[in-house]
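What the coordinates show
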Amino acid sequence: MDAILDILNELNPDVDYRDRTDLVDSRTLDSLTIITLVSELEDAFDITIPAVEVVPANFNSLEGMWKMVERMRESGL
Amino acid sequence: MKSYFSLTVLALFLPATMLCYQLMPRRLRWLVLLAASYIFFWSISGKLLVFLLISTGTIWLAGIGLDRLLRERASRLRAPGANRRDIKRRYARYMRFVLAAGLVVNLSMLFAFKYLSFAQRLLAPLATPLLAHAGITFPQEAVALAAPIGISFYTLQAVSYLIDVHRQSISADRNPARLALFLSFFPLIMEGPICRYGDTAQALWAGRPITAENISRGGMRILWGLAKKVIVADRVNLLVKTVFEQYGSYDGGVIALAAVLYTVQLYCDFSGTMDFVMGCGRIFGVTLPENFKQPYLSRTASEFWQRWHITLGTWFRDYVFYPLSLSKPVKRLTSAARKAFGNRMGPLAASGVALLAVWLGNGLWHGAGGQYVLFGLFWFVAIWIGGLTEPFAQALCERLRIDRASMPYRVLQHVRTLAIIFVGELIFRAQGGSAALGMLGKLLGGFTLESFANGTVLGLGMDAADFVCVGIAVAVIVAVGILRERGVSLTTWFWSHNAVTWSAAVCALAIIAVIFGAYGAGYVPVDPMYASF
């Protein structure tokens, strides 16, 4: 999870990502930032994130992102 | 019934639908909504109803086809010794075919009604001489087809339904009549919001009883929308119409004023209609997605589109931007861009391809015309440049020790964003691409306040009292928006008090709308603006 936190902090250091559960709903992460984030996550974890996974539930919180990464790793994508 | 705010709808159609709905047994109430929706559609578009039926039928069939393929695939995958990879690949191909067939039929109808004439105009200079060599005459007379009401809205809903079934985020509806209601629900059909089946459909056939609270609060929302329309949108209509239709006769100052007033008008008309839609949905116990969240409080161009016509923006984001950005060719481009521009700028630069597609699509969705292409390109540039320069802005502010949360910085951001919005709406309202460029030219090259000083602006359809009235109304709307932004709902506040306070609030709003509404001699009421898109 720390690796994801590092990526997020690099994108925008002014946000406390550990406590937030509304990163997409509150527009903290906009669609351009999410595309950058997806690209970084794919690189860091050697996974492929399909468009169907890019939904608020997976990006609203650090935990949601971590669960999605784990799921992608398990499915071998 | 060309407007939701017509007397026929408010005094006859809506009450009659409510009465029939409430009298019907709960499990059949959704059929009343379906019948009312088709009557509403028929009253505006007549026989063009057949195209809504074709859309509904083809989308239903394609959904059922996808559902069947998914079940078949699952059963084959369970069979002993199954070649899982081969089965998955084969069924993915079949499913793509069914999805494509459904999309092609529906998008072709949209294209035929909205863009055939535009395509004909574009192709004529090239096709006419080429076909002449082959002895064929290219049609010179414009092909103008009257489009069914709401085709742009229900087609996007139909497309989202089918893609969601394909993505397996929802199951296909086996009942065509229920799907028909989702695609035609009368409050949504004219101007949206563009709903998702997974979020809205269930509530449509739940048949929840109409309660006194829902009638009161839904009615209040409708009244608020009506007030915005008649007090502001209708009042500024004559000035906006005059200046945009004869912009050559006016200086840059008047054009700037018309651009600002048109933005206010569009907001009050469109969000006012959305108030009707939300209020109507509430009466029938259906919570619909909000289309506006105080867009005038945006600090960036990107934020504006997360607050303005939200359901159109999220549709393009989910079904165009993300799939394109995460497609193999764009990912290859992203990898190359990351090597060239670094981890942060690379993906931003590469996402420009998807963003351009989104904004050309968004512009053209509004209509076939040069001004809509320009409008799309304008917002693409504003948002993409905003994204690309954000890291530099962050670094610069840190270096200069500017607090980005401070009031002066925020005010500066609001002013800049409002200026971008006004220019965008000027392009949007212009009578064609060249008129948009002409108006922008006058704005930049011929800006003067002379027409304000000599009183010319007061002779364009709005007198001083009209300006004061619009000014006060806009201030009230902004104040209510700021309260809403802070989590304070005036409706909830009035509702939480006794019946007398509530009734007084409703009566006050109704009286204000009647007294300050712009109707009668000297005013031209505006037709529902988004119904024509």
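Throughout, residues of each chain are indexed from 1 in the direction in which the sequence is written. To label them, take the chains in the order written and letter them from A, then take the ligands in the order written and number them from 1. It should be noted that, the model being predicted, local features are given only for residues of pLDDT at least 70 and side-chain atom pairs only at 80 or more, the latter also being counted only at that level, while totals for whole chains, interfaces and linings use all residues.

- As annotated in an unreviewed UniProt entry, chain A carries the name Phosphopantetheine-binding protein and comes from Enorma phocaeensis.

**Looking at the overall build of chain B**
- To qualify as a helix, a DSSP run of H or I must reach at least 4 residues; to qualify as a strand, a run of E must reach at least 2; elements of each kind are numbered from the N terminus. Helices and strands together make up the secondary structure of chain B, namely 20 helices and zero strands.
- The C-alpha extent of chain B, read off along each of the three principal axes, is 85 × 65 × 65 Å.
- The buried share of chain B, taken over its 533 residues, is 39%.
- Put simply, 78% of the contacts in chain B that link residues at least 6 apart link residues at least 24 apart. For every residue, the other C-beta atoms within 10 Å of its own C-beta are counted; 20 or more classify it as buried, 12 or fewer as exposed, and values in between as partly exposed. C-beta atoms are placed from the backbone. Contact criterion: two residues are in contact if their C-beta atoms, reconstructed from the backbone, are within 7 Å.

**As for the overall build of chain A**
- Along the backbone of chain A there are four helices and zero strands.
- Seen in sequence order, chain A has helices and strands lined up from the N terminus as α-α-α-α.
- At 11 Å, chain A has a C-alpha radius of gyration in line with the 11 Å of a compact globule built from 77 residues.
- Taking all 77 residues of chain A together, the buried fraction comes to 35%. Note that the radius of gyration is over C-alpha atoms, with the globule rule given as 2.2 Å times the number of residues to the power 0.38.

**Focus on the domain arrangement of chain B**
Residue and element names in this part refer to chain B.
- Each domain's extent was defined by an automatic or database domain assignment. Once the domains are mapped, chain B shows domain 1 (7–209), domain 2 (211–292 + 453–533) and domain 3 (302–429).
- Here the C-alpha centroids of domain 1 and domain 3 sit 29 Å apart.
- At the level of secondary structure, the elements contributing two or more residues to the side of domain 1 that touches domain 3 comprise helix H4 (84–133) and helix H5 (151–166).
- Per-element tally for the side of domain 1 that touches domain 3: the top contributor is H5, with five residues.

**Quick look at the UniProt feature "domain: Carrier" (unreviewed entry) in chain A**
- Here, the residues flagged by UniProt with the feature "domain: Carrier" (unreviewed entry) are residues 1–73 of chain A.
- The distance separating the terminal C-alpha atoms of residues 1–73 of chain A is 14 Å; by composition the span is 56% helix and 0% strand. UniProt positions are given in the numbering used here, feature names are shortened, and annotations may be inferred rather than shown by experiment.

**Details of unusual backbone geometry**
- With an omega dihedral of 10 degrees, the bond running from Gly192(B) to Pro193(B) counts as a cis peptide bond.
- Here Pro193(B) shows up in the loop between helix H7 (186–189) and helix H8 (197–204).
- For Asp46(A), which is not glycine, the phi torsion reads 55 degrees and is therefore positive.
- Within the secondary structure, Asp46(A) sits in the loop between helix H2 (31–45) and helix H3 (56–59).
- By the C-beta count within 10 Å, which is 9 here, Asp46(A) ends up exposed.

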